[in-house]
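Residue strings, one per chain:
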Amino acid sequence: ICRIARIIGMHRRSALFIDGVGSGYQSLSRLAAFLKGFKIFTIEITMTYGRAEFHEDLTKHVEAGVSRKGGVFSLCDPQMAKKAFVEGKNGQSVGLLSTGEVPNHFSPDEMGGIREGSAQAARSAGVEETSDALCNFFFEQARDRMHVLLFFARMDDSFRIRCRKVLPQLPALMSGTSVDRSS
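Residues numbered from 1 in each chain as written. Predicted model: local features only at pLDDT ≥ 70, side-chain atom pairs only at ≥ 80, totals over all residues. Heavy atoms only, no water.

Section: helix α6 (residues 108-124)
1) Next: Here α6 spans 25 Å end to end across 17 residues, near enough to the 24 Å set by a 1.5 Å rise per residue.
2) Next: Along α6, the sharpest change in direction is near 40 degrees and occurs at Ser118.
3) Next: Tucked into the core, α6 has its buried residues touching α7 (131-145). (Helix = DSSP H or I, 4+ residues; strand = E, 2+ residues; numbered from the N terminus. Expected span 1.5 Å × (residues − 1). Bend = angle between axes of the 7 residues up to and from the residue. Contact = heavy atoms within 4.5 Å.)

Digging into the packing of aromatic side chains
1) Next: Scanning all chains against the criterion turns up three aromatic pairs.
2) Next: Seen from their ring centres, Phe17 and Phe151 are 5.3 Å apart, and the 15 degrees between their planes marks the pair as stacked. With Phe17 in strand β1 (residues 15-19) and Phe151 in strand β4 (residues 146-153), this pair connects stretches of sequence that are 134 residues apart.
3) Next: Exposure remark for Phe17: the relative accessible area of 1% places this residue in the buried category.
4) Next: Members of the aromatic cluster, joined through ring pairs, are Phe17, Tyr25 and Phe151. (Phe/Tyr/Trp six-rings, centres within 6.5 Å; stacked < 30°, edge-to-face > 60°. Buried < 20%, exposed > 50% of the residue type's maximum accessible area, 1.4 Å probe, protein only.)

Focus on the packing of helix α1 (residues 2-9) against helix α2 (residues 25-36)
1) Next: Look at α1 against α2: their axes get within 9 Å of each other, and the N-to-C directions meet at 55 degrees. Taken together, the axes of α1 and α2 are oblique relative to one another. Seen from above, α1 lies across α2 with right-handed handedness. The residues of α2 that touch α1, namely those facing Ile4, Ala5, Ile8 and Gly9, are Tyr25, Leu28, Ser29, Ala32, Ala33 and Lys36.
2) Next: Per-class residue counts for the contact of α1 with α2 are seven nonpolar, two polar and one charged. (Axes fitted to C-alpha atoms, helices over the stretch in contact; angles between N-to-C directions. Parallel < 35°, antiparallel > 145°, perpendicular 65-115°, else oblique. Left-handed = near helix turned anticlockwise from the far one by under 90°. Nonpolar A, V, L, I, M, F, W, Y, C, P; charged D, E, K, R; others polar.)

Here we look at the pairing of β4
1) Next: The buried fraction of β4 amounts to eight of the eight residues, a majority that puts the element mostly inside the structure.
2) Next: Alternating residues of β4 divide into Met146, Val148, Leu150 and Phe152 and His147, Leu149, Phe151 and Ala153, and every residue in both groups is buried.
3) Next: Bridging between β1 and β4 involves five bridges; their strand directions are parallel. Across the sheet, the residue bridging to Ala15 is Leu149, located in β4. (Pairing = 2+ DSSP bridges.)

In structure tokens form, the structure reads like this:
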């Protein structure tokens, strides 16, 4: 719990947990997030869950990242069954891990609302009130306060094969996260 709380307690930190089935990392992560006062986001995969629903969930997470509490976006192996959820359109979700920003994720109307919502906090922080400065302020705040926790189960040789296929295509999974493996 302490290790997980330390990771999510730092700005701009995410984690990749590799464990055996039933080791409890997800439960420990939920407890650590609760102790830190963070809002916990997870997705529920249904038969109709697709890119639009993932976009909606990711938007909620990014917006909550700006709140004073921050947020934890939790994804486990079965939820990442569709590579598009991890990779996103043109590598967008991985951009969330590496840069903290998802390019072209918000529509122009949503960006207008973001600028309006960020104006007061930006003003009190001494940030110039231009369109670009307000957007940058929003993403900096979100980047500092949001965390992505990824959970992979290593049950057999298929995990090793998946890693060899997926990790070279998604380097942010390794470079943008703290990796923890149970023995």
